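Next come the chains, spelled out residue by residue.
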Amino acid sequence: MKIYLLGIFCLLALSGLARAEDEAVDIDGKVVEDIGKSTIGSKTDDETVEREEEAIQLDGLNVSQMKAMRDSAEKHHYQAEVNRMMKLIINSLYRNKEIFLRELISNASDALDKIRFNSLTDPSVLEATADLKVMIKPDKENHALHIIDTGIGMTREDLVKNLGTIAKSGTSEFLAKMEEGETDVTSDLIGQFGVGFYSSFLVADTVVVTSKNNADEQYVWESDAASFTVAKDPRGNTLGRGTQISLFMKEEAYDFLEEHTIKDLVKKYSQFINFPIHLWTSKTETVEEPVEAEAEATPKEGETDDDVKVEDEDDEKPKTKMVEKTVYDWETMNDNKPIWLRAPKEVEDADYTAFYKSFSKDSDDPLAHVHFSAEGEVTFRSILFVPKTAPHDLYQDYGKAVDNIKMYVKRVFITDDFEEMMPKYLSFIKGVVDSDDLPLNVSRETLQQNKLLRVIKKKLVRKALDMLKKMSDEDYKKFYNEFGTNVKLGVMEDHSNRNRLAKLLRWQSSQDTEEMTSLQSYLERMKEKQDHIYFMTGTNRAECEKSPFVEALLKKGYEVLYLVDPIDEYTIQNLPEFEGKKFQNAAKENLNLQETDAAKETMEKLGREFDTLMNWLKEKVLSSGIDKAILSTRLVESPCAL
């Protein structure tokens, strides 16, 4: 019985094997695809390679080329500060990821500016391509976004130095500000400190930078935010010149591959970039296509050739049909001419604000602006802006060169590195200047010595001060809270504009406990025959108000300015008078209260009567602390004052 059952089992196994073999071969003898390659079964090695090859084809590299490049790549670790900074960026700006595109386009624009500037003295640098532009190409299939520019490009050394280390001074301040700041603040700082490239890792798991500089071969930089590699590109020179940044997006950032999203961000942040920005877009068009010719007519059964109807050749017309096709092409996102070339009346406030944010990397709206053209000894156009808030290091690094004024010549960006394009006290002013009268083909250093540049500077200062003067009371109050010290420094530094600056000064006053007053308002309230502008210095308003030196002045109805800023005394020393009225310190001995002759005679008489007391105080009681003791008409309630 056992042998019988064993025999049946063997027969069943053999028949099952035969059926499996029959199913594996179709009627044509072709083997059915192995289950290992199906979407249900486990993935095989050759399928993994196939998927990898598909992804690599995006950059024109096959598997062997990619392997060879990675084997030869130099492996690097990020500088410690870069690691720290990237963690801060990713953790602090996760709600404002969109800034990555602003930063990468801004970097591309800088690279284009550099190559165009170099071409002014050496046209051969544009031999690879003279078409200066930025291109953005989304690739939804591979979840990648490419930003390409035809700028100056980077050498192998540049890739390591610029993308792996931070040599720029001020990094420690940036990191400190990031750690203490809020998200809306740090999104602005990232641009100000020139570390915007690292915002790529807000949206990308892997970043690949391919770059070609005229002085070197083409190299590929690749990073996953933990470390990076640099290798010579096995494809050779495919860019001609420039840089391509490929972002392989995180799943939550796929929306940045959508055309409408990219268009909105370019319009929001980069529409005033001075180079064309092209986006690879698709659209559906209805086109006319010829219909495939039908097979030649043949006689049916029972018909002869003569029975077949033949149309005259003259009557034959090509048959067509309308079909819908998806067409891909480059679309220009920023075809506006430079805003400063347009008439001010044609520019909306929203345009000025968008332009300001695009070049200043400031997330706040400007507090004020002035748009003007100057003619005469030199002709130029300019737009100047007043920021809403002061830079965090405005007074820590006072006098340090800043890049707030961008200089153009015939619409070509030259530099933002001129020393004292604005005087130090106006270094916070941001803007652009474009002149047709300055030479293009000279070095930056030579241009800086050009006498026309000094004329431009003089006119810029005048326009900036006029802009401040014309601000509304509410806006000027905000401005003075942020930049009031700069106005006072200007009084000390810029004697040629001292009177203009004096009109911008604001101080606390005995006349108003809430608002600060201007010198012009003080003059309008002066008493008849008052010859001086009275002021009192102190550490705060309460100290000035309680000073015995102001008692008589206030009782007689004189207004007293309260100078509570340490810099105020130095400002007054450099401003001896205003509109013909001299300043008088209420605490000084020779204070003139415009006493009558009778009052003077009374004081002389009292002086003789109290002479013995005064000498006793000076020589006996307070001999170690005072030089002399005198009677005074300046005290009302206080018995004495030192």
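Residues numbered from 1 in each chain as written. Predicted model: local features only at pLDDT ≥ 70, side-chain atom pairs only at ≥ 80, totals over all residues. Heavy atoms only, no water.

Caption draft 1: Main features of the overall build of the protein. Within the protein, the regular secondary structure consists of 20 helices and 20 strands. Looking at the protein residue by residue over its 642 residues, the buried ones come to 41%. Long-range contacts, defined here as pairs at least 24 residues apart, represent 73% of the contacts in the protein between residues at least 6 apart. Only carbon and sulfur atoms are counted for the fraction: they give 48% of the accessible area of the protein, which is about 36,900 Å². (Helix = DSSP H or I, 4+ residues; strand = E, 2+ residues; numbered from the N terminus. Buried < 20%, exposed > 50% of the residue type's maximum accessible area, 1.4 Å probe, protein only. Contact = heavy atoms within 4.5 Å. Areas by Shrake-Rupley, 256 points an atom, 1.4 Å probe, with all protein chains shown as cover.)

Caption draft 2: View of helix H10 (residues 349–360). Its 12 residues place the ends of H10 16 Å apart at the C-alpha level, agreeing with the 16 Å of an ideal helix rising 1.5 Å per residue. Residues of H10 that are buried: Tyr352, Thr353, Ala354, Phe355, Tyr356, Ser358, Phe359 and Ser360. Considering only its buried residues, H10 is in contact with helix H9 (259–270), strand E10 (368–374), strand E11 (380–386), strand E12 (405–409) and strand E14 (430–435). Taken from the residues just after H10, Lys361 is the one with a positive phi, measuring 60°. (Expected span 1.5 Å × (residues − 1).)

Caption draft 3: Structural detail: the packing of helix H5 (residues 99–121) against H9. Remark: H5 packs on H9, axes separated minimally by 10 Å, with the N-to-C direction vectors making an angle of 60°. Classified by the interaxial angle, the pair formed by H5 and H9 is oblique. Note on packing geometry: the crossing formed by H5 with H9 is right-handed. For the pair H5 and H9, the contacting residues are Ile99, Leu101, Arg102 and Ile105 in the first and Ile262, Leu265, Val266, Tyr269 and Ser270 in the second. (Axes fitted to C-alpha atoms, helices over the stretch in contact; angles between N-to-C directions. Parallel < 35°, antiparallel > 145°, perpendicular 65-115°, else oblique. Left-handed = near helix turned anticlockwise from the far one by under 90°.)

Caption draft 4: Structural view of the packing of aromatic side chains. Taken as a whole, this structure holds 21 aromatic pairs when the rule is applied. Relative to Tyr328, the ring of Trp280 has its centre 6.1 Å away and its plane inclined at 15°; by these criteria the two rings are stacked. Within this pair, whereas Trp280 is found in strand E8 (residues 277–290), its partner Tyr328 is found in strand E9 (residues 320–332), the two being separated by 48 residues in sequence. Here the aromatic cluster, defined as three or more aromatic residues joined through ring pairs, consists of Trp340, Phe355, Tyr356, Phe359, Phe385 and Tyr408. Sitting over the ring of Tyr269, Arg102 keeps its end group 5.5 Å from the ring centre. Against the face of Trp280 rests Lys137, its NZ or CZ located 5.0 Å from the ring centre. (Phe/Tyr/Trp six-rings, centres within 6.5 Å; stacked < 30°, edge-to-face > 60°. Lys NZ or Arg CZ within 6 Å of the ring centre and 35° of its normal.)

Caption draft 5: Region of interest: unusual backbone geometry. The phi torsion at Lys529 lies on the positive side, around 65°, for a residue other than glycine. For Lys529, the location among the structural elements is in the loop between helix H15 (519–524) and strand E17 (532–537). The phi dihedral of Glu579 is positive, around 55°, even though this residue is not glycine. Mapped onto the fold, Glu579 is located in the loop between strand E19 (577–578) and strand E20 (581–585).

Caption draft 6: Representation of a positive patch on the surface. A contiguous patch of positive charge on the surface is contributed by Lys458, Lys463, Lys469, Lys470, Arg500 and Lys503. Note on placement: Lys463 falls in helix H12 (residues 451–469). Lys463 gets classed as partly exposed once you look at its relative accessible area, which sits at 33%. (Patch = residues over 30% accessible without salt bridge, like charges linked within 9 Å, V, L, I, M, F, W, Y side chains within 5 Å. Salt bridge = Lys/Arg side-chain N within 4 Å of Asp/Glu carboxyl O. Lys, Arg positive; Asp, Glu negative; His and termini not counted. Charge placed at Lys NZ, Arg CZ, Asp CG, Glu CD.)

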